[in-house]
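So the chains spell out like this:
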Amino acid sequence: MSLAERRVLLGVSGGIAAYKSCELVRRLREGGAEVRVVMTEAATHFVSPTTFQALSGQSVRVSLWDAQAEAAMGHIELARWAERILVAPASAGLLARLAQGMADDLLTTLCLASPAPLFLAPAMNQQMWAHPAVQANVSTLRQRGTQLLGPAAGAQACGDIGSGRMLEAHELRDALLASFAVGALAGLNVLVSAGPTYEDIDPVRFIGNRSSGRMGFAVAQAAAEAGARVTLVAGPVSLPTPPGVMQRTDVRSAAQMHAAVLAAAAQADIYIAAAAVGDYRPLEVSAQKLKKQGGSGLLLQLGENPDILASLSAQERHPFLVGFAAETHDVAGYAQDKLQRKGLDMIAANRVGEGLGFEAADNALSLYWAGGAVELPRAGKTALARQLITHVAERYRAGRA
Ligand code: C5P
């Protein structure tokens, strides 16, 4: 997924977080976006328009009354040009003026004059953010469909700790990316499996694995953001159901996951198998807790679990199948082999270890399909899941075209 040729109008209002917006312009442009920056007069006291001009490669506008700039691109033209307006930082004052529908400078005028979706990244002292007047403005803006991005909690430039920090540049860029991806899976039923499986040995012990479920949950969320009706089959994880996911079935063992996935797959257009399914299970589950064997060791006999993906791909009619491959070495070789062997439409491979994979916050994926491949470099699981969904949607549509 990219922001290639996307037209983003970045509004900058007066706040110390304006310095983070310099990085944001770079990130947006790296993603291929065209960025035009409009600053409030207050913002120019924090960062010079020249800085934004150099970073965006476009002249920066501050005033509604700049005859020369109006002649080059009038403010109405600029309002129409924008596909998205993102105000970062959005100060308490700016939120108030927007909530009131004021048009007392170029930025607020553009927000009123543009049909583009409006995103606000508030940044202010935690006491200000918590003030009922600010919260009332935020709720008015939300009710009108304006999307609030953040703020985050943490240490603030003023020394306070609390809610009011502007989101980081990469998080704001990801939110814009996601907003362009909306609709990529509109009308489709997507089934996602996530998390580990636990294979019971006795009432207190099991064979499990270190999957946290976070990648699969991020995939389910990204699919929902892209407009899909999402069903999530989750192994034993302690994660809340992501927003927008319609149905969640919790399972424990591979056999339960197999049954739950097969039941839901009949209605699914796409199945994304992000679960780390145990390959083996104890053939006998002891009804009582196993006792120490007095030095003679313990031999557990394991039987192979059914392969969920393979049993789906063997069916005559089955959803578009996306598998995951977590490998410690020769990622490309094993992944491509798995793509063929399991009869998949696409496989997302990742190297586990080195701060990536199962328990880590970050991940990196290599996607393979018949005749193509793409690398999704190291990123947070939410961002990565959104990129994965864009590629899945593209391949799915290409297959039906
Ligand atoms: O063969 P391997 O376990 O590495 O393959 C991983 C992929 O296959 C994942 O997408 C996983 O969800 C899926 N899988 C499955 N059923 C199994 C084992 C793995 O669907 N029994």
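Everything here concerns the structure above.
Residues numbered from 1 in each chain as written. Predicted model: local features only at pLDDT ≥ 70, side-chain atom pairs only at ≥ 80, totals over all residues. Heavy atoms only, no water.

### Considerations on the packing of aromatic side chains
The cut-off we apply is this: The criterion for an aromatic pair is that two Phe, Tyr or Trp rings (for Trp, the six-membered ring) have centres within 6.5 Å, with stacked assigned to planes under 30 degrees apart, edge-to-face to planes over 60 apart and tilted to the rest. Helical segments are the DSSP runs of H or I of at least four residues, strand segments are the runs of E of at least two, and each set is numbered from the N terminus.
According to the stated counting rule, one finds 2 aromatic pairs in the structure shown. For the ring pair Tyr198 and Phe206, a centre distance of 3.8 Å and an interplane angle of 15° mean the geometry is stacked. Taking 5.8 Å as the distance between ring centres and 80° as the angle between the ring planes, the aromatic pair formed by Phe320 and Tyr396 counts as edge-to-face. In this pair, Phe320 sits in strand 16 (residues 320–327) while Tyr396 sits in helix 14 (residues 381–400), placing the two residues 76 residues apart along the sequence.

### A closer look at the sheet that holds strand 16
Defined as follows: Note on pairing: two strands pair once DSSP finds at least 2 bridges between them. Where helices are involved, their axes are fitted lines through C-alpha atoms of the stretch in contact, as for all axes, and angles between N-to-C directions lie from 0 to 180°. The contact rule is simple, with two residues in contact once any of their heavy atoms fall within 4.5 Å.
The strand order across the open sheet formed by 8 strands is 12-11-8-13-16-17-18-19, and the pairing between neighbours is mixed. The open sheet has two free edges, formed respectively by strand 12 (247–250) and strand 19 (372–380), since each of these has just one partner strand. When the angles between neighbouring strand axes are averaged without regard to direction, this sheet yields 15°. Direction of pairing for strand 11 (residues 229–234) relative to strand 12: parallel, over a ladder of 4 bridges. Residue pairing in the sheet places Ala234 in a bridge with Asp250 of strand 12. Across the sheet, helix 13 (residues 331–341) is in contact with strand 16, strand 17 (346–351) and strand 18 (362–369); its angle to strand 17 comes to roughly 155°.

### Some thoughts on the pattern of salt bridges
The condition that has to hold: Salt bridge, as applied in this entry: a Lys or Arg side-chain nitrogen positioned within 4 Å of an Asp or Glu carboxyl oxygen. Whether a residue is buried, partly exposed or exposed follows from its accessible area with a 1.4 Å probe, protein chains only, as a fraction of its type maximum: under 20%, in between, or over 50%, in that order.
Applying the stated criterion across every chain, the model contains 16 salt bridges. Close ionic contact of Arg97 with Asp104 constitutes a salt bridge, the shortest N to O distance being 2.7 Å. On the basis of relative accessibility, which here comes to 44%, the residue Asp104 falls in the partly exposed class. In this structure, a network of salt bridges that share partners links the residues Lys20, Arg165 and Glu168.

### Description of helix 11 (residues 254–265)
Cut-off, in case you're wondering: A helix is expected to reach a length of 1.5 Å times the quantity of its residues less one.
Spanning 12 residues, helix 11 covers 16 Å between terminal C-alpha atoms, matching the ideal 16 Å at 1.5 Å per step. Within helix 11, the full set of buried residues consists of Ala254, Met257, His258, Ala260, Val261, Ala264 and Ala265. Residues of helix 11 that are buried in the fold lie against strand 8 (189–194), strand 9 (199–200), strand 11, strand 12, strand 13 (270–273) and helix 12 (308–313).

### A few points about the site of the ligand
Basically, it comes down to this: Whether a residue is near a molecule or strand depends on its heavy atoms: it is near if one of them lies within 4 Å of it. As used in this structure description, the phrase polar contact means that two N or O atoms lie within 3.5 Å; if the pair is within protein, one of them must be able to donate a hydrogen and the other to accept it, and residues adjacent in sequence are counted only when both atoms belong to side chains. Here the Shrake-Rupley method, with its probe set to 1.4 Å, supplies the accessible areas, and only the displayed protein chains count as covering residues. Cavities and pockets were defined on a 1 Å grid built from protein atoms only: a cavity is a group of points that admits a 1.4 Å probe but offers it no way out, a pocket is an open group of points flanked by protein on both sides within 12 Å along at least five of seven lines, and a lining residue is one with an atom within 4 Å of any such point. Pocket or cavity membership: a molecule qualifies when more than half of its atoms sit within 2 Å of the grid points of that site. Here the nonpolar group is Ala, Val, Leu, Ile, Met, Phe, Trp, Tyr, Cys and Pro; Asp, Glu, Lys and Arg are the charged ones; every other residue, Gly included, is treated as polar.
The full set of residues close to the ligand is Ala273, Ala275, Val277, Asp279, Pro306, Asp307, Ile308, Leu309, Gly323, Phe324, Lys338 and Lys342. Here an oxygen atom of the ligand sits 2.7 Å away from a polar atom, N or O, in the main chain of Ala273. Taking Lys342, its side chain carries an N or O atom lying 2.9 Å from an oxygen atom of the ligand. The protein chains hide 86% of the 450 Å² of surface that the ligand would expose on its own. Assessed atom by atom at 2 Å from the grid points, the ligand resides in the largest pocket. If you list the elements that add at least two residues to the shell around the ligand, you get helix 12 and strand 16. Looking at side-chain class alone, the shell around the ligand contains 7 nonpolar, 1 polar and 4 charged residues.

### Brief notes about the pairing of strand 17
The criterion, for reference: If you view a crossover with the strands going away from you and the path from the first strand over the helix to the second runs clockwise, you call it right-handed.
Counting buried residues in strand 17 gives 5 out of 6 residues, a clear majority hidden from the surface. Here strand 16 pairs with strand 17 via 6 bridges, running parallel. In the sheet register, Ala326 faces strand 17, and the bridge partner there is Asn350. For the crossover that starts at strand 16, traverses helix 13 and ends in the parallel strand 17, the hand is right-handed. Sheet topology places strand 17 next to strand 18; 3 bridges connect them, and they run antiparallel. Residue pairing across strands places Ala349 opposite Ser366, the latter belonging to strand 18.

### Re the sheet that holds strand 2 (residues 34–39)
Pairing in this open sheet of 5 strands is parallel, and the strands run 2-1-3-4-5 from one edge to the other. Every other strand in the sheet has two partners, leaving strand 2 and strand 5 (147–148) as the edge strands with one partner each. As paired elements, strand 4 (residues 118–122) and strand 5 share 2 bridges and run parallel to each other. Looking at the pairing, Phe119 lines up with Gln147 of strand 5. Relative to strand 3 (residues 84–90), helix 6 (residues 106–113) is tilted by about 145°, and along the sheet it contacts strand 1 (7–12), strand 2, strand 3 and strand 4.

### Structural notes on the packing of helix 5 (residues 92–99) against helix 6
Just so we agree on the cut-off: Any angle between 65 and 115 degrees counts as roughly perpendicular, while under 35 counts as roughly parallel, over 145 as roughly antiparallel, and the rest as oblique. Working rule for handedness: look at the near helix, and if it is turned counterclockwise from the far one by less than a right angle, call the crossing left-handed; if clockwise, right-handed.
Where helix 5 meets helix 6, the axes come as close as 10 Å, and the angle between the chain directions of the two elements is 40°. One way to sum up the angle between helix 5 and helix 6 is to call them oblique. Here the hand of the crossing between helix 5 and helix 6 comes out right-handed. Touching Leu94, Arg97 and Leu98 of helix 5 are Leu107, Thr108 and Cys111, all from helix 6. Each residue belonging to the contact of helix 5 with helix 6 can be placed in one class, and the counts come to 4 nonpolar, 1 polar and 1 charged.

### Some details on the environment of Asp174
By the secondary structure assignment, Asp174 is in helix 9 (residues 169–181). Residue Asp174 is classed as buried on the basis of its relative accessible area of 10%. Distance in space between the C-alpha atoms of Asp174 and Leu3 is 9.9 Å, their sequence separation being 171 residues. Within the structure, the side chain of Asp174 is placed 3.1 Å from the side chain of Arg173, a separation counted as a polar contact.

### What to know about the layout of surface pockets
Counted only if it meets this: Grid points are joined across faces, edges and corners, and a volume is the space filled by probe spheres set on the points.
One number sums up the size of the largest pocket: a volume of about 1,100 Å³. Contributing to the lining of the largest pocket are 44 residues, with Ala275, Ala276, Val277, Asp279 and Phe324 lying nearest its centre. For the lining of the largest pocket, the elements supplying multiple residues, two or more each, are helix 10 (214–225), strand 13, strand 15 (302–304), helix 12, strand 16, helix 13 and strand 17. Ranked by residue count, the leading element in the lining of the largest pocket is strand 16, at 4 residues.

By themselves these figures say nothing about function.
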